[in-house]
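Tertiary structure, described
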Amino acid sequence: MSNYRVALDEPSSDPLAVDLALAAKQHAARLLFVHSLLALCTLGLWLPVLVAVLLLRASWADAAVQGYRVQLSSKDLFVGTAAKHWMVPLDQIQSLSTANGVVTVALEYKQSGHTIDGLIDPLAASRAILAARDAARSPSRGDKRFEHDESVEDDARRAHSNTGAR
């Protein structure tokens, strides 16, 4: 049984809530996969390393996600710990995808995306991030360029109506 929700209609108090145990489990699974693949490629050389990874992966994964958090501000998405993190401006997020409880953030300027592990409700988190991105991209009423464009259009209408009145 998975620890994340898949229903779209369930309400969530905090869509960016992180379950540290789930993040550690996903991190440990990724560690096991990578080291297993390396061990299969170079069986005799990496077999002792694989045994060490099998014995220590849970404690390494717990240490890796200590202090892990996901935060949205009006302009940025912060993911990680104080020591190891990534921060992306919301207007540079191209798309989000969700698979196996992990959200992948695709950026406009990068080929590969960043992953967000451990989200209790990855679908609600995706919706919250996309809504914040759309809000960051949309021009606000207080934007000077927006006001300038309106005043230029008003001046053009007045000039056109004055030439038509003569």
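The following paragraphs examine the structure supplied in this document. (Residues numbered from 1 in each chain as written. Predicted model: local features only at pLDDT ≥ 70, side-chain atom pairs only at ≥ 80, totals over all residues. Heavy atoms only, no water.)

Some thoughts on the environment of Ile116
Tracing the sequence through the fold places Ile116 in strand S6 (residues 114–116). A relative accessible area of 0% places Ile116 in the buried class. The spacing of Ile116 and Val102 is 14 residues in sequence and 5.8 Å in space, taken between C-alpha atoms. Leave out the neighbours within four places in its chain, and Ile116 touches Tyr68, Val70, Leu77, Val79, Trp86, Gly101, Val102, Val103, Val105 and Ile129. (Helix = DSSP H or I, 4+ residues; strand = E, 2+ residues; numbered from the N terminus. Buried < 20%, exposed > 50% of the residue type's maximum accessible area, 1.4 Å probe, protein only. Contact = heavy atoms within 4.5 Å.)

A word on the environment of Phe78
On the secondary structure map, Phe78 appears in strand S2 (residues 76–80). For Phe78 and Val88, which are ten residues apart along the polypeptide, the C-alpha to C-alpha distance reads 6.7 Å. If we skip the residues at most four places from it in the chain, Phe78 touches Arg69, Val70, Gln71, His85, Trp86 and Met87.

Describing the pattern of salt bridges
Taken as a whole, this structure holds three salt bridges when the rule is applied. Note that Arg133 is salt-bridged to Asp134, the shortest N-O span being 3.2 Å. The exposure class assigned to Arg133 is buried, which follows from its relative accessible area of 12%. (Salt bridge = Lys/Arg side-chain N within 4 Å of Asp/Glu carboxyl O.)

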